[in-house]
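Residues per chain are reported as follows:
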Amino acid sequence: MKTISVRTVTEKIREAFLDKGVHICENYLKIMENALEKEEGAARFALDVMLKNARVAEKTSSPVCQDTGMAVVFLTIGQDVRFTDGFIGDAVNEGVRQAYKDGYFRKSVLDPLTRKNTLDNTPAVIHYEIVEGEVFRADIMLKGFGSENMSRLYMLSPSEGKDGVERVIAETAINAGGNPCPPVLLGVGIGGTMEKACLMSKKVLMRDGDNPDEELRDMEKKLTDVINASGTGPQGFGGKLSCLGVKIEKYPTHLAGLPVAVTVQCHAVRHAHFEL
């Protein structure tokens with residue numbers, strides 16, 4: 001059995017959020033850099049400003065966006081892991097609290113009805129998955145709400161099939177226009193139940209590498225091309241780069257349903273993971 005002090009988890013969460021608050025994931029920055037020479041006019045200007053902003057944020061350790069988001073944490077925990085020195089959920093929230101304080105990140109979390117701010121950007125949205133063994137992995141993201149507000153859930157009729165699924169995914173990004181600060185990254189969950197589709201669409205954003213499913217991999221490329229051909233462009237100024245990529249996960253569903261969830265992520269992709 002593996003024993004982990006939650007104090008270690010707090011420190012690692014703090015470090016991860018402090019780092020990603022000022023760093024866009026490098027692979028997505030490179031996509032934008034490679035696209036710069038292909039853009040013209042306002043689109044090229046907008047993309048150039050976005051890239052310069054990202055590099056200045058890195059050099060000055062400043063937030064890469066004024067919306068430092070809501071903290072989302074996916075914990076994968078082996079059933080043979082034992083925690084000491086406190087509760088794991090409290091440890092995660094303490095790490096988030098410290099990061100947002102120490103990094104001078106904007107505190108945006110509040111009561112949904114009274115709109116009273118919690119003043120420390122907690123609580124985080126924490127998802128727990130229990131697996132075999134002694135695994136401990138945390139996947140974290142700073143999720144801004146310009147893009148979150150453009151995310152969508154569709155409960156399609158099964159008769160709409162694959163064509164209907166592809167249609168609503170593309171429409172979600174195209175209809176959002178410049179609101180989510182494109183170029184966007186899309187996470188898609190197909191199947192399961194309403195909440196399962198939404199959960200998949202959020203977590204799949206942090207998937208590394210290509211989709212192991214050939215059919216889904218082909219769908220991802222096709223949809224990326226369709227959205228890029230829409231002409232939305234960087235920050236909605238028109239142009240060739242509207243979508244950084246599409247990531248899809250599926251799960252068996254009920255014969256009467258076809259849930260499709262699309263999580264929209266802005267160009268400031270701030271994801272990280274660590275293991276203990």
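Up top you'll find the structure we're talking about.
Here the structure is a predicted model, which is why all the values come from computation and not from measurement. (Residues numbered from 1 in each chain as written. Predicted model: local features only at pLDDT ≥ 70, side-chain atom pairs only at ≥ 80, totals over all residues. Heavy atoms only, no water.)

**Overview of the state of the cysteines**
Here's step 1: Within this structure, the stated rule accounts for 0 disulfides.
Here's step 2: Cysteine Cys-65 shares no disulfide, and the gap to the nearest cysteine sulfur, in Cys-266, comes to 6.2 Å. (Disulfide = S-S within 2.5 Å.)

**Concerning the packing of aromatic side chains**
Here's step 1: A full pass over the atoms with the stated rule returns 4 aromatic pairs.
Here's step 2: Pairing Phe-136 with Phe-274 gives two aromatic rings, centres 6.4 Å apart and planes at 40°, and the pair type is tilted. Taken together, the positions of Phe-136 in strand β5 (residues 136-143) and Phe-274 in strand β10 (residues 271-275) put the pair 138 residues apart, joining distant regions of the chain.
Here's step 3: By relative accessible area, Phe-136 is classed as buried at 1%.
Here's step 4: Taking relative accessible area as the criterion, Phe-274 reaches 9% and is therefore assigned buried.
Here's step 5: An aromatic cluster of three or more residues is present, and its members are Phe-17, Tyr-100 and Phe-105. (Phe/Tyr/Trp six-rings, centres within 6.5 Å; stacked < 30°, edge-to-face > 60°. Helix = DSSP H or I, 4+ residues; strand = E, 2+ residues; numbered from the N terminus. Buried < 20%, exposed > 50% of the residue type's maximum accessible area, 1.4 Å probe, protein only.)

**Focus: the nonpolar core**
Buried together is how nonpolar side chains tend to be arranged in soluble globular proteins.
Here's step 1: Counting 26 residues, the largest nonpolar core has Ile-13, Phe-17, Leu-75 and Phe-136 as its most contacted members.
Here's step 2: Put simply, the parts of the chain that give this core at least two residues each are α1 (6-20), β2 (70-78), α4 (88-102) and β5.
Here's step 3: Element by element, the count of residues in this core is highest for α4, at 6 residues.
Here's step 4: Not counting the four nearest positions on each side in its chain, Ile-13 is found in contact with Val-73, Val-92, Gly-95, Val-96, Ala-138, Ile-140 and Phe-274.
Here's step 5: Counting residues in hydrophobic clusters, the runner-up holds 24 residues, among them Leu-51, Ala-54, Cys-266 and Ala-268. (Core = buried A, V, L, I, M, F, W, Y, C linked by side-chain atoms within 4.5 Å. Contact = heavy atoms within 4.5 Å.)

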